[in-house]
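Structural features, examined
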Amino acid sequence: MNRKYRKTVIAGNWKMNKTPSETKEFMNAFKSIMPKGRWCDVALCVPAVCIPVAVRTMRETRVGIGAENVNANPSGAYTGEIAANMLVDAGCKYVIIGHSERRAMGETDADVNAKVLAALEAGLIPIMCCGETLEQREAGITAEWIAMQIKSGLQGVSEEKIRKVIIAYEPIWAIGTGKTATPEQAEQVCEGIRTVVRKLYSSKNARAISILYGGSMNEKNAYELLAQPDIDGGLIGGASLVPEKFVKIIEAANQPTL
Ligand code: PGA
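This report concerns the structure included in the present document.

1. Some details on the overall build of the protein chain
A tally of regular secondary structure across the protein chain gives 11 helices and 8 strands. For the protein chain, the C-alpha radius of gyration of 17 Å lies close to 18 Å, the compact-globule estimate for 258 residues. Counting only C-alpha atoms, the protein chain reaches 50 × 45 × 35 Å along its principal axes. Charge centroids of the protein chain, computed over 31 positive and 28 negative side chains, lie 7 Å from each other.

Listed below in structure tokens is the structure:
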């Protein structure tokens, strides 16, 4: 991370876990042990039905609540879907877009791009995910694959809006597997992502955007990962479901030595 040029962001991704009642319990417990430091932004992306209670419980804190998906259309006949302005009205600040678990359900690069544009238009901060499979890594095509995902995901995003985008690098083989990318592996890809952004926009913009690592990041490996110059935070699945673990990751990001 590099606090001089960009924000450090620790974001939780709850996936399909916790009911609204459990959300309230978590938020109260989390609030009582939340670190005081202000060095990093903290986000919790929760299931849609948990958003209202999460927003209410965390109202007077610096924790931003987010959604885990959004529909790219502003309104209409899309049964079961949720539009960006609805998330904003419900109090969301962030939205995860293009998580590999959603891509596995059929979400394409074009869908991801449309959702990023819709989120930005509504004033949400998109956390746009990218990542390679183990086969792609072993075939040596990680860099090309990630560059392609970033380029298509950011198509049409203006110079003024690019700094609002957070990118999360999540190698698919590391998600929920307990297998973390080494700090060097993660840094290499995150640095590559910044280079892509530099070419698409400018050095200034590339320097200013936050790039997160995700994939079995936990209270034990967070410090080492965050010590890498191009890793500006984490997108945390499993470890964000336990207040004590999540707090330890925030504390790792708050270390004065970083
Ligand atoms: P994990 O999930 O931390 O449980 O590996 C990360 C993610 O999928 O965002």
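2. Re the site of the ligand
In the region of the ligand, 13 residues are neighbours, and Lys15, His99, Glu170, Gly176 and Ser216 sit closest. Separating an oxygen atom of the ligand from a backbone N or O atom of Gly176 is a distance of 2.7 Å. Protein coverage of the free-state accessible area of the ligand, which is 280 Å², stands at 94%. Its residues assigned to classes, the shell around the ligand shows 4 nonpolar, 7 polar and 2 charged.

3. Digging into the nonpolar core
Core analysis: the largest hydrophobic core is formed by 68 residues, its most contacted members being Phe30, Leu44, Ile65, Leu154 and Ile193. Setting aside its immediate chain neighbours within four residues, Phe30 contacts Val42, Leu44, Met58, Val63, Pro243, Phe246, Val247 and Ile250. Of all hydrophobic cores here, the second largest spans 13 residues; its members include Tyr94, Ile166, Ala168 and Leu212.

4. Description of the pairing of strand 2 (residues 40-45)
By the criterion of burial, strand 2 is predominantly enclosed, with 5 of the 6 residues buried. Of the strand pairs in this sheet, strand 1 (residues 8-13) and strand 2 are connected by 6 bridges, and their pairing is parallel. If you follow Ala11 over to strand 2, its bridge partner there is Ala43. Strand direction decides the pairing type here: strand 2 and strand 3 (residues 63-67), joined by 4 bridges, are parallel. Within strand 3, the residue paired with Val42 across the bridge is Val63. Between the parallel elements strand 2 and strand 3, the chain passes through helix 2 (residues 51-57) in a crossover that is right-handed.

About the criteria used
Residues numbered from 1 in each chain as written. Predicted model: local features only at pLDDT ≥ 70, side-chain atom pairs only at ≥ 80, totals over all residues. Heavy atoms only, no water. Helix = DSSP H or I, 4+ residues; strand = E, 2+ residues; numbered from the N terminus. Rg over C-alpha atoms; globule rule 2.2 N^0.38 Å. Lys, Arg positive; Asp, Glu negative; His and termini not counted. Charge placed at Lys NZ, Arg CZ, Asp CG, Glu CD. Near = heavy atom within 4 Å. Polar contact = N/O pair within 3.5 Å; in protein donor to acceptor, adjacent residues only side chain to side chain. Areas by Shrake-Rupley, 256 points an atom, 1.4 Å probe, with all protein chains shown as cover. Nonpolar A, V, L, I, M, F, W, Y, C, P; charged D, E, K, R; others polar. Core = buried A, V, L, I, M, F, W, Y, C linked by side-chain atoms within 4.5 Å. Buried < 20%, exposed > 50% of the residue type's maximum accessible area, 1.4 Å probe, protein only. Contact = heavy atoms within 4.5 Å. Pairing = 2+ DSSP bridges. Right-handed = clockwise from strand over helix to strand, strands pointing away.

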